[in-house]
Each structure stands twice: as C-alpha cells, then as structure tokens.
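Below are the chains, spelled out letter by letter.
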Amino acid sequence: MTKREWGKVIVKTMTFLLIGALLFHLCGRVLMEKSAYPQYRSWRSQKNVDILILGNSHAANGLRAVDMTEALSEAAGGTVDVFNYAVAGMRMEQMYFFAKELLKTRTPDLVVLETYAFCPLEDRHREVLARMAFDVFPLSANKLEGINYCVLEDRSSYYIPFIKYHTRWKELEGKDFRLLVDSALWPERGSNGIVQETSLEDPGDGWFEQTPSEALRAVTPDEAECFEALLALLAEKDIPLVLVSLPFKRQMDLDSVEIVKINNYLRENYVTGDTVKFLDMNRMWDELDFDYSDLFDEGHVNAAGADKVTACLLDYLKTDCDPALWTGEGR
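Below is a short write-up of the structure. Owing to the predicted nature of the structure, the values given are computational and were not obtained by experimental measurement.

Some remarks on the sheet that holds strand 4 (residues 241-245)
- Ordered by their spatial adjacency, five strands build an open sheet running 2-1-3-4-7, and the pairing between neighbours is parallel. A strand with exactly one partner marks an edge of an open sheet, and here the two such strands are strand 2 (82-84) and strand 7 (276-280). The sheet shows a mean angle of 20° between the axes of neighbouring strands, taken without regard to direction.
- Summarising the sheet, strand 1 (residues 51-54) and strand 3 (residues 110-114) pair through four bridges and their orientation is parallel. Counterpart to L52 in the pairing with strand 3 is V111.
- Sheet strands in contact with helix 5 (residues 92-102) are strand 1 and strand 3, and its direction is about 155° off that of strand 1.

Overview of the nonpolar core
- Among the nonpolar cores identified, the biggest contains 61 residues, and L52, L54, Y85 and F227 are the most heavily contacted of them.
- Setting aside its immediate chain neighbours within four residues, Y85 contacts A36, Q39, Y40, W43, L52, I53, L54, F98, L102 and V136.
- If you look at the next biggest cluster of nonpolar residues, it comprises 38 residues, including V80, A86, L110 and F290.

Reading guide: rules and limits
Residues numbered from 1 in each chain as written. Predicted model: local features only at pLDDT ≥ 70, side-chain atom pairs only at ≥ 80, totals over all residues. Heavy atoms only, no water. Pairing = 2+ DSSP bridges. Helix = DSSP H or I, 4+ residues; strand = E, 2+ residues; numbered from the N terminus. Axes fitted to C-alpha atoms, helices over the stretch in contact; angles between N-to-C directions. Contact = heavy atoms within 4.5 Å. Core = buried A, V, L, I, M, F, W, Y, C linked by side-chain atoms within 4.5 Å. Buried < 20%, exposed > 50% of the residue type's maximum accessible area, 1.4 Å probe, protein only.

See the structure below:
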C-alpha cells in the first residue's frame, strides 16, 4: 500500500473515530438524568456573573437571583448580574470541586454560600448527590478528583455517565431532547426562589421564639478540608465570600438550633470581616418576623419566606458591605 493510500486509511479511521466519539457524547447527554442540567446550560450561556450563589435546596428555594439583579443594579447605577447555582442536596465535600469547575469559565466579584451545605453527608446519599453535582460537567482532572474524593466505590459510571444511564432510553421524553438546544428551558439566572404559596400550620411549640445558641459545633474533618480548599481557591482569584444561613426548622437530621452552632464555629474560625463575612438569618427570626407561615415544609421557605430572606440579604449587601465587595471596584 502506498503512502497516499495509507494516508486515506488514516484519515477515514480518524474521521470514523471522531464521529463515533461525538455520537457517544451526544447519546450520553440525551440519556442523562437532567434535573441539574438546565442550570448548567444557563450558566454556560451567561456572558457575565458578578455574584455567584452556591448552596443546596435552601438557597435554590430562598434566594431570588432576578430580584437581586434588579435591586443591586439599581443601587449600583449599572448592571450587577446575580446567578444562583444552588443544587439540591449539595454538601461541602462536593462544593469545592463544583465551585472549582464553575470558576474555570467565570470569575465573579463575590460568592455567596448558604451554610446548610455543612449538613453532614451520609453515605446513603452519596450516589445521588455526587451525580447531581458532577454528571453535567465534561470529563476533566477536577471532575475525576471530585469523584475520587466524594464517591467511595464503583466510580466508573461517574467517570462515564453513559454506563449509568444507557438503559434510560425507555424513560426519554421530548424534554430530554429539547433541553439540549432550547434556551427557553434554561432558567434565566439559575434557581430563582420558590413560588410555593402554602404555609405550615403552627403547632404552637414556640420554635421560632427560642434564643439563638452561643455554643459551637465543629464541622467534620472532610468539611473543614474542602471548605479551606474553597477559601484558598477564592483567595487565589481575589473573590470575597459571604456566608449566609437561611432560616428553617429541621431538615433530615439537622435542625436550625444545630446549624446556628455550626455557624458559630464557622464565624469563630473562618470569618475575617473583610474577605469572609457572615449573615446568619437563623439568629434573626424576631427581626425578620419569621415563623411557620414562611415555610412550606420544615426545611424550606415558601414564597413569603423567599421574599423575606432575599430582602434581608439585599439589605445586608447594600448597607453592611462596601459596594466594592459586589461590584468589584478597586479589586
């Protein structure tokens, strides 16, 4: 066979392999479980992000990114883009790797982190939470490191999600295909707060009349390691952090009395008052006039509660923080 003929064979082979790889990638995207996919596509489509909100369902349900964008833009006299990339269930062990992936493509002026992420991660929740955190991301060294850290065994299907989802073709709907290309299905600014109007009935237990605890509850070693790595990453990129704790009663095995103790520990060990600040709304029930009428279940705010916590965070950013913190001026 001549060199010319060998060249044609090589070109055809490479073309075949490339087309096969692209089809394999596309099949994986179509078959993937897509609860976290719309936010990922919305994030990728953003031209600018000034404030990035991280957390789990507490932040996703409670913090209205559209309202914050409008209010802060008006206060600044120019556009301040807020994006809420809170993912249900996200824990601190995943948060560092998740944030590191996001910050590859965007460098916000400020990161806001909701502290229910410090709820201890139980082994029985690792699979679904790791998939929601990492499945949408392309394969990279950071994704591999995150999977190796967060997943205890049988990691192959996390490296290649197709292994997990190849039988899902029986469940596919039109939306699985439309989500890949239809930007109308991607939320404008990530999660934008709950619209649930129903309220919990007050059982008369006086929960939201308690005096906040002053005790400290240490975070786990894994949480501390990943949080300190996140702080180092933010410091490297010159991004300040505001820790925020949204009010609730109880979710899973953690109630708001215990989260205040965790918050106290974080405040004592990590808050600098300059590059790391803290707004603990679980110490502000009376000030917020917060009670059962602001929850739709014990762990999450309803529409009225979302209005209150969003307004509180906005007031904190505008009155208790130097505007340069969220506009990036002077940095």
